[in-house]
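Chain by chain, the residues:
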Amino acid sequence: MSSSTPTPRIDQPIEPAAAAPTGTAHSAGSEQHGAKAHSDGGWDTKIPVQTRSDRPQSGDIEAYATVTGREVNWKFAPLDKLAPLLAGGLDGSAYPFLATETDGADVEWGRSDDPRVGTAGLPEDRAAAAAWTARDAVLAVTIKATDAYESITITRSDFGSQPRAAHTVITAEPNAQGIVVIDNRGSALLSENVEIVVGDNARLTVVSLQDWADDAVHVSTHFAEVNRDAFLKHVVVSLGGDVVRVNPSTHLAKQGADTEMYGVYFADAGQYIEQQVYVNHDAPNTRGRVNYKGALQGQGAHTVWIGDVLIGRAGDGTDSYEQNRNLVLTDGTRADSIPNLEIETGNIEGAGHASATGRFDDEQLFYLQARGIPEEEARRLVVLGFLVEVIQKIGAPELEERLIAAVEQELLEGRTVLAEPANAEPANAEPANAEGATAQSAAAQTETAV
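Just so you know, these numbers come straight off a predicted model, no measurement behind them.

This next bit is on the overall build of the chain. Looking only at helices and strands, the chain has five helices and 21 strands in total. Here the chain holds 450 residues, and 55% of them are scored as buried. In the chain, once contacts between residues fewer than 6 apart in sequence are set aside, the share between residues at least 24 apart is 85%.

Right, here's the structure in full:
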């Protein structure tokens, strides 16, 4: 390396050569789905993005205009609280964490120019680009191909109150199997990117747990690349924090790729929780399942779920379904739920989406009370049954028990207090999924199937 090109340091962000150039955002071009530039010129830059996959992508914050709140992907968010994470100049240095791991799973700090950065995707909005630009270190998590079911649990609780950036790359080697849990606690003002690469024939579960303190503001973008005959289970659990915005996207890139994306959230008074979920079926014979469930209680509790599914022209044989359910427990709450489905090929197995938001089902409460269960206990059982269906999909019994206890605490106190697990070591085997009871009460519901 010449003297004019300094050696990268952990505190010196350098864009990797493997990633796409970050100085220029991707453009949909002057012709898109039949829309052409007008003869008087200049309209090639004004054609609206027609599909989810055509959004501009860049790791350079300067490629994105200042967020105004009129953008389709920012229109619900409380920008006054997110402003420090959108301005740039974040601290992207290494941070303290605790990790429990098995022999076939590694976690280590890498340099900012780690070649794995950018392999799963690039930012599509200003917040993600701000974190991408600011990264000084990369937390690299690797699940190796062994005969065991490998586990890593990463606990992060020392981000502090200053604007921070983080970058994590999770890699499951071909034929590997395991689970990675990211457990977020304490105070934070954090924007981060999480990249997930699932190798051929690998089976990976990634759990992102948001149990932040009441003042925390967290914006996170997850990019996943799922390869040939591989499987990714992605779970987002959002309970604590003031503003929490976790946007996971999964690219089913090779034939036979499979994903299940689950989410569970509980919003209290004044709390804002948002999830924008994207599944891109970009190869033949892929499968996708999305199921997010949330509960709201207290004045000003606000949740947002936006689900995008794109079945591309190469997505022959796709089998896809997404749904979102919200249970409203008190007056003064708001749940926005927007499912979107785009299909560019007619040769698919099936696709559909659903959204429902409503209050308690009076018949369910009557059924329980008629059997001698007090009203408050009956309500608790209905909420637990509604959310436990998703919690039990995680496949880690100790973590599932913690989350059930947290939901019960939410109902009792209106805030999250996670009970510490009896054994801090992760499970070394993946148990079968169990189905929980569900509460299906909908004031408004849409169903579409193809």
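Let's shift gears to unusual backbone geometry. Where the residue is not glycine, phi is negative for most of them; where a peptide bond is considered, it is trans in most cases. With phi around 65°, Asn 201 is a residue other than glycine that occupies positive phi space. Its place among the elements puts Asn 201 in the loop between β9 (189–198) and β10 (203–212). In this structure, Asp 229 takes a positive phi of about 55° despite not being glycine. Position of Asp 229 relative to the elements: it lies in the loop between β11 (217–226) and β12 (231–238).

Right, let's talk about the sheet that holds strand β19 (residues 334–343) for a bit. The strand order across the open sheet formed by nine strands is β4-β5-β7-β9-β11-β13-β15-β17-β19, and the pairing between neighbours is mixed. At either margin of the open sheet sits one strand with a lone partner, and together these are β4 (105–111) and β19. Adjacent strand axes in the sheet meet at a mean angle of 10°, parallel and antiparallel pairs treated alike. Pairing between strand β7 (residues 163–172) and β9: ten bridges, direction parallel. Along β9, the bridge assignment pairs Arg 164 with Leu 190. Taken strand by strand, helix α2 (residues 126–134) contacts β7, β9 and β11, and its axis lies near 85° from that of β9.

On to the pattern of salt bridges. Using the criterion set out here, one finds 19 salt bridges in the structure. Arg 287 is the salt-bridge partner of Glu 260, the closest N and O atoms lying 3.3 Å from each other. Placement of the pair is Glu 260 in strand β14 (residues 258–267) and Arg 287 in strand β16 (residues 287–296), with a sequence separation of 27 residues. Judged by relative accessible area, which is 13%, Glu 260 ranks as buried. In this structure Arg 287 comes out as partly exposed when scored by relative accessible area, which is 25%. The salt bridge involving Lys 293 is made with Glu 389; its shortest N-O contact spans 2.4 Å. Linking Lys 293 in strand β16 with Glu 389 in helix α4 (residues 375–391), this pair joins segments that are 96 residues apart in sequence. Its relative accessible area of 14% is what places Glu 389 among the buried residues.

Two numbers describe a pair of packed helices, the interaxial angle and the distance between the axes. Closest axis-to-axis distance for the helix α3 (residues 362–369)/α4 pair is 9 Å, and the angle between their directions is 125°. By the angle between their axes, α3 is oblique relative to α4. The element α3 and its partner α4 pack so that their crossing is right-handed. Contacts between α3 and α4 involve Gln 364, Leu 365, Leu 368 and Gln 369 from the first element and Glu 375, Ala 378, Arg 379, Leu 381 and Val 382 from the second. Looking at the contact of α3 with α4 residue by residue, the classes come out as five nonpolar, two polar and two charged.

A separate point is helix α1 (residues 79–86). Along α1, the positions that sit buried rather than exposed are Leu 79, Leu 82, Leu 85 and Leu 86. Buried residues along α1 cover an arc of 100° about the axis, so they all sit on one side.

This part is about the packing of α4 against helix α5 (residues 397–413). At a closest axis distance of 10 Å, the pairing of α4 and α5 adopts a crossing angle of 150°. Along this stretch, α4 crosses α5, giving a crossing that reads as right-handed. Of the residues in α5, those in contact with Arg 380, Val 383, Leu 384, Leu 387, Val 388 and Ile 391 of α4 are Glu 400, Leu 403, Ile 404, Val 407, Glu 408 and Leu 411. Taken together, the residues that form the contact of α4 with α5 break down as nine nonpolar, no polar and three charged.

With that out of the way, let us pick up the side chain of His 302. In this structure, His 302 sits in strand β17 (residues 302–311). Within the structure, the side chain of His 302 is placed 2.7 Å from the side chain of Asp 336, a separation counted as a polar contact. Setting aside residues no more than four positions away along its own chain, His 302 makes contact with Phe 76, Ala 267, Gln 271, Tyr 272, Ile 273, Leu 296, Arg 334 and Asp 336.

Now for the confidence of the model for the chain. Confidence in the prediction of the chain, expressed as mean pLDDT, is 85, and 81% of residues score 70 or more. Predicted confidence is poor over residues 415–450, with pLDDT under 50, and the contacts of this stretch with residues over four places away or in other chains come to 95 contacts.

Criteria and cut-off values
Residues numbered from 1 in each chain as written. Predicted model: local features only at pLDDT ≥ 70, side-chain atom pairs only at ≥ 80, totals over all residues. Heavy atoms only, no water. Helix = DSSP H or I, 4+ residues; strand = E, 2+ residues; numbered from the N terminus. Buried < 20%, exposed > 50% of the residue type's maximum accessible area, 1.4 Å probe, protein only. Contact = heavy atoms within 4.5 Å. Pairing = 2+ DSSP bridges. Axes fitted to C-alpha atoms, helices over the stretch in contact; angles between N-to-C directions. Salt bridge = Lys/Arg side-chain N within 4 Å of Asp/Glu carboxyl O. Parallel < 35°, antiparallel > 145°, perpendicular 65-115°, else oblique. Left-handed = near helix turned anticlockwise from the far one by under 90°. Nonpolar A, V, L, I, M, F, W, Y, C, P; charged D, E, K, R; others polar. Arc of directions from axis to C-beta. Polar contact = N/O pair within 3.5 Å; in protein donor to acceptor, adjacent residues only side chain to side chain. pLDDT = per-residue confidence, 0-100.

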